[in-house]
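# Coordinates in review
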Amino acid sequence: LAMVRPFVPIGSCRLLTLMIAAMGVIVVSQVPDRRLLGSANGAAQMVTSGSRAFAPALVSSLFSLSMKHNIAGGYAVYYALIVLSAVLKIASGYLP
């Protein structure tokens, strides 16, 4: 386990890079007209940057709220994130 630990950030960084590239390919492939490609990429970048800006504040607030009120031992935010992940996984099955 001690030998694997230093390599986990490297692997997760590579996986993140692959996911970002895959999202870009999906956006490009779903644009009906090539003249709208810049607008589609701009909208995708706007949504992505907005979620990256607000997600840490939202999750931190939910974590502190669950700790303050001792909801699920203070770890209710993790259960909420698991449920959100499951819902989004199901919803992603409906994407083209």
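Residues numbered from 1 in each chain as written. Predicted model: local features only at pLDDT ≥ 70, side-chain atom pairs only at ≥ 80, totals over all residues. Heavy atoms only, no water.

### Things to note about unusual backbone geometry
Even without being glycine, N70 reaches a positive phi, approximately 55°. Positive phi, normally seen in glycine, also occurs at A72, with a value near 55°. Relative to the helices and strands, A72 is located in the loop between α2 (37-68) and α3 (76-92). Among the residues examined, A72 registers a relative accessible area of 42% and is labelled partly exposed. (Helix = DSSP H or I, 4+ residues; strand = E, 2+ residues; numbered from the N terminus. Buried < 20%, exposed > 50% of the residue type's maximum accessible area, 1.4 Å probe, protein only.)

### Some remarks on the confidence of the model for the protein chain
Summarising the model, the protein chain shows a mean pLDDT of 81, and 82% of its residues fall at 70 or more. Mean pLDDT in the protein chain bottoms out at helix α1 (residues 8-30), which sits at 73, and peaks at α3, which reaches 89. (pLDDT = per-residue confidence, 0-100.)

### Let's talk about the pattern of salt bridges
By the definition in use, this model includes 1 salt bridge. When the shortest N-O distance is used, the salt bridge between R35 and D33 registers 2.9 Å. (Salt bridge = Lys/Arg side-chain N within 4 Å of Asp/Glu carboxyl O.)

### Some words on a nonpolar patch on the surface
A surface patch of nonpolar side chains, about 820 Å² in accessible area, is lined by M67, Y75, Y78, Y79, L81, I82, L84 and L88. Looking at the nonpolar patch, the element that brings in the most residues is α3, giving 6 residues. As for its position among the elements, L84 is in helix α3. (Patch = residues over 30% accessible without salt bridge, like charges linked within 9 Å, V, L, I, M, F, W, Y side chains within 5 Å. Areas by Shrake-Rupley, 256 points an atom, 1.4 Å probe, with all protein chains shown as cover.)

### Quick notes on the packing of α2 against α3
Where α2 meets α3, the closest approach of the two axes is 8 Å, and the angle between their N-to-C directions is 135°. Classified by the interaxial angle, the pair formed by α2 and α3 is oblique. Residues V59, L62, F63 and S66 of α2 pack against A76, V77, Y78 and L81 of α3. (Axes fitted to C-alpha atoms, helices over the stretch in contact; angles between N-to-C directions. Parallel < 35°, antiparallel > 145°, perpendicular 65-115°, else oblique. Contact = heavy atoms within 4.5 Å.)

### Observations regarding the environment of S60
By the element assignment, S60 lies in helix α2. Its relative accessible area of 47% is what places S60 among the partly exposed residues. Separated by 17 residues in sequence, S60 and V77 have C-alpha atoms that sit 8.8 Å apart. Side-chain polar atoms of S60 contact the backbone oxygen of P56, separated by 2.8 Å. (Polar contact = N/O pair within 3.5 Å; in protein donor to acceptor, adjacent residues only side chain to side chain.)

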